[in-house]
Amino acid sequence: MAGFYIFCDESLKKGKFYSNFYGGLIIDKIEFEKVKNALTSRVQDLEIENSELKWGNVNTFKLEQYKSIIDTFFEFIKANVIKIRIMFTDNRFIANNLTKEHHDNQYHILYYHFLKLAFGLKFLTSDIPIDLEIFFDKLPDSDKKNEQFKNYIYGIQYLPEFTEAKILIKKDSIYEVDSKKHILMQCLDVVLGAMAFRLNDLHKEKPEGAKRRGKRTLAKEKLYKHINKKIRETRTNFNIGITTGIDGNYQNIFFHPYRHWLFIPSSKTVESGDDI
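Residue positions are given per chain, counting from 1 as you read along its sequence in written order. Local features in this predicted model are restricted to residues whose pLDDT is 70 or higher, and side-chain atom pairs enter the listing and the counts only when it is 80 or higher, whereas totals over whole chains, interfaces and linings include all residues. Just so you know, side-chain values use all the structure's heavy atoms and leave hydrogens and water out.

Novice: Where do I start with the environment of G23 in this structure?
Specialist: Looking at the secondary structure, you find G23 in strand β2 (residues 18–28). Per-residue accessibility, obtained with a 1.4 Å probe over protein chains only, is compared with the maximum for each type, and a residue is labelled buried under 20%, exposed over 50%, and partly exposed between these values. Overall, the relative accessible area of 0% leaves G23 in the buried class. For the pair G23 and L188, spaced 165 residues apart in sequence, the C-alpha to C-alpha distance is 7.0 Å. Runs of E in the DSSP output that reach at least two residues are strands. Runs of H or I that reach at least four are helices, and both are numbered from the N terminus.

Structure follows, in structure tokens:
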């Protein structure tokens, strides 16, 4: 049976310009051990195996180590062994006609759309079942809400548009895990954090009363630029603030190694109230 692992993470919920950052990576199960071992070995070589890789932990002293890890991570992305998907919303676009239930469940609703659409799974065609195992970092909500969310994720395989894709998601193959134990999730956290950082102009921030930016901010900006350079090796002139083009083929939503998705509500107004 063919199969994939999908690892997911989320970042900034509310930013100055962009919010609701969700990230995911998909990898063929056959490739997983090779990739995990390569990344783990790189971390050990850099002698940082006892420190969780997180965007929030980036500083001047760790900058070169993080760049090195990103280099190894993106080797697999460029080879299309790992596929990265990042989704976010633009604060200018306000969804119309949202109910209290929509607001109360916004986190899970957006996550559901991300899993359903960002990886382009419905564009796969297969004669045999494609087994999916999905890993979330510990979900920050009540057990009841989280369980309802997992049931919706389980139900994706039964949607009409997934009939030809032969997607198979078992109920016991949707996990909440500790990202400290999953090196791929940690690398994803760094890339996702970098995008939230730059899109919200956090690289311009200065400590209160200071004339210059702090050393940590400068280190994060340098790491973001390094990540952006690696992304552009997969797609020249990549624009991080818009939905990545499909190059004339919807199947590329699955096949592209790295994609962004600016989620825009179908019924919306801009913050000023003007229709767009």
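Novice: Sorry, what's going on with the packing of aromatic side chains here?
Specialist: What describes a pair of aromatic rings is the distance from one ring centre to the other and the angle between the planes of the rings. In this analysis, rings of Phe, Tyr and Trp, with Trp reduced to its six-membered ring, are considered paired at centre separations within 6.5 Å, and the interplanar angle assigns stacked below 30 degrees, edge-to-face beyond 60, and tilted for intermediate values. Following the criterion strictly, the structure yields 27 aromatic pairs and no others. Ring geometry for F7 against F135: centres 4.6 Å apart, planes inclined by 15°, an arrangement best described as stacked. With a gap of 128 residues between them, F7 in strand β1 (residues 2–10) and F135 in strand β5 (residues 130–137) connect regions that are remote in the sequence. Exposure class is identical for F7 and F135. Each is buried. Remark: a charge is flagged as sitting over a ring if the NZ atom of Lys or the CZ atom of Arg is within 6 Å of the ring centre and within 35 degrees of the ring normal. The ring of Y154 carries the charged tip of K171 above its face, separated from the ring centre by 5.1 Å.

Novice: Looking at this model, I keep getting lost on the side chain of E52. Mind explaining?
Specialist: Take E52: it is sitting in the loop between α1 (29–45) and α2 (63–78). Residues scored as positive are Lys and Arg, those scored as negative are Asp and Glu, and His as well as the terminal groups of each chain are ignored. By definition, a salt bridge exists where a carboxyl oxygen of Asp or Glu is found within 4 Å of a side-chain nitrogen of Lys or Arg. Of the side chains with opposite charge, K54 lies nearest to the buried E52, which makes no salt bridge, at 4.5 Å. Any two residues whose heavy atoms approach within 4.5 Å are treated as being in contact. In contact with E52, not counting residues within four places along its chain, are N57, Y66, S179, K180 and Q186.

Novice: Quick question: what am I supposed to make of the nonpolar core here?
Specialist: The nonpolar side chains of a soluble globular protein tend to be buried with one another. One finds I27, F73, I82, L184, I227 and Y258 to be the most contacted residues of the largest nonpolar core, which totals 53 residues. Elements with a contribution of two residues or more to this core: β1, β2, α1, α2, β3 (82–90), α6 (183–199), α7 (215–232) and β7 (258–263). Counting residues per element, this core draws most heavily on α6, at 13 residues. Dropping the residues within four chain positions of it, F73 is found in contact with L25, L39, I82, I84, C187, L188 and V191. Side-chain atoms within 4.5 Å link the members of a nonpolar core, which is a set of buried Ala, Val, Leu, Ile, Met, Phe, Trp, Tyr and Cys residues. Counting 32 residues, the second largest nonpolar core, distinct from the first, contains M87, L132, I134 and W261.

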